[in-house]
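Residue-level structure breakdown
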Amino acid sequence: MELLSLVPEKQTFEEARFIMEGLRTLRPTVVLELLKNCNSIKVKRLFMALAEESELPWVKSLITADVDFGSGKRMLVEGGYLHPKYLITLPKRNEQ
């Protein structure tokens, strides 16, 4: 999650997506605790948006009702697309 706090200023979306795609064996209970204890709305939204986009198997097991995802929209990049669930603007895959 620390890596995601550096996106897009010091870390590229492409590398963040690549790393997220490799996180196939995370334990949902640990992920949930990390999300609950994370203080960055941007990181939590970006983490979940990339996890769902990567179709990671543990995402289905997460019950995120107790996770504070904040309110309002967050824009990480101009001209991208607004993720409909997490309301965070991400670059289109071909624009990384």
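Look above for the structure.
These remarks concern the structure in this document. These numbers come from a predicted model, not from an experiment.

Here we come to the packing of aromatic side chains. Per the counting criterion, the structure on display carries two aromatic pairs. Note on Phe47 and Trp58: the rings are 5.8 Å apart at their centroids and 25 degrees apart in plane angle, and the pair reads as stacked. Taken together, the positions of Phe47 in helix H3 (residues 41-53) and Trp58 in the loop between H3 and strand E1 (74-75) put the pair 11 residues apart, joining distant regions of the chain. Accessibility assignment for this pair places Phe47 and Trp58 in one class, buried. Each ring, one from Phe69 and one from Tyr86, has its centre 5.4 Å from the other, and the planes form 55 degrees; the classification is tilted. Taken as a pair, Phe69 in the loop between H3 and E1 and Tyr86 in the loop between strand E2 (81-82) and strand E3 (88-90) lie far apart in primary sequence, 17 residues in all. Given the relative accessible area of 4%, Tyr86 is considered buried.

Bringing the pattern of salt bridges into the picture now. Side chains that carry opposite charge are capable of pairing whenever their charged atoms lie near each other. Scanning the model with the defined rule gives three salt bridges in all. Glu9 is the salt-bridge partner of Lys42, the closest N and O atoms lying 3.7 Å from each other. One end of the pair, Lys42, is in helix H3; the other, Glu9, is in the segment before helix H1 (13-21), and 33 residues separate them in sequence. Given a relative accessible area of 17%, Lys42 falls into the buried group. On the basis of relative accessible area, Glu9 is assigned to the exposed category, the value being 61%.

We now examine the packing of H1 against H3. Helix packing for two helices is described by the angle between their axes and how far apart those axes are. Packing of H1 against H3 leaves a shortest axis separation of 9 Å and a crossing angle of 60 degrees. Considering how the two elements wind past one another, H1 and H3 form a crossing that is right-handed. On the side of H1, the interface is formed by Phe13, Ala16, Arg17 and Met20, while H3 contributes Leu46, Phe47, Leu50, Ala51 and Glu53. Tallied by class, the residues present in the contact of H1 with H3 amount to seven nonpolar, no polar and two charged.

Conventions used here
- Residues numbered from 1 in each chain as written.
- Predicted model: local features only at pLDDT ≥ 70, side-chain atom pairs only at ≥ 80, totals over all residues.
- Heavy atoms only, no water.
- Phe/Tyr/Trp six-rings, centres within 6.5 Å; stacked < 30°, edge-to-face > 60°.
- Helix = DSSP H or I, 4+ residues; strand = E, 2+ residues; numbered from the N terminus.
- Buried < 20%, exposed > 50% of the residue type's maximum accessible area, 1.4 Å probe, protein only.
- Salt bridge = Lys/Arg side-chain N within 4 Å of Asp/Glu carboxyl O.
- Axes fitted to C-alpha atoms, helices over the stretch in contact; angles between N-to-C directions.
- Left-handed = near helix turned anticlockwise from the far one by under 90°.
- Contact = heavy atoms within 4.5 Å.
- Nonpolar A, V, L, I, M, F, W, Y, C, P; charged D, E, K, R; others polar.

None of the figures reported here should be taken as evidence of function without further support.
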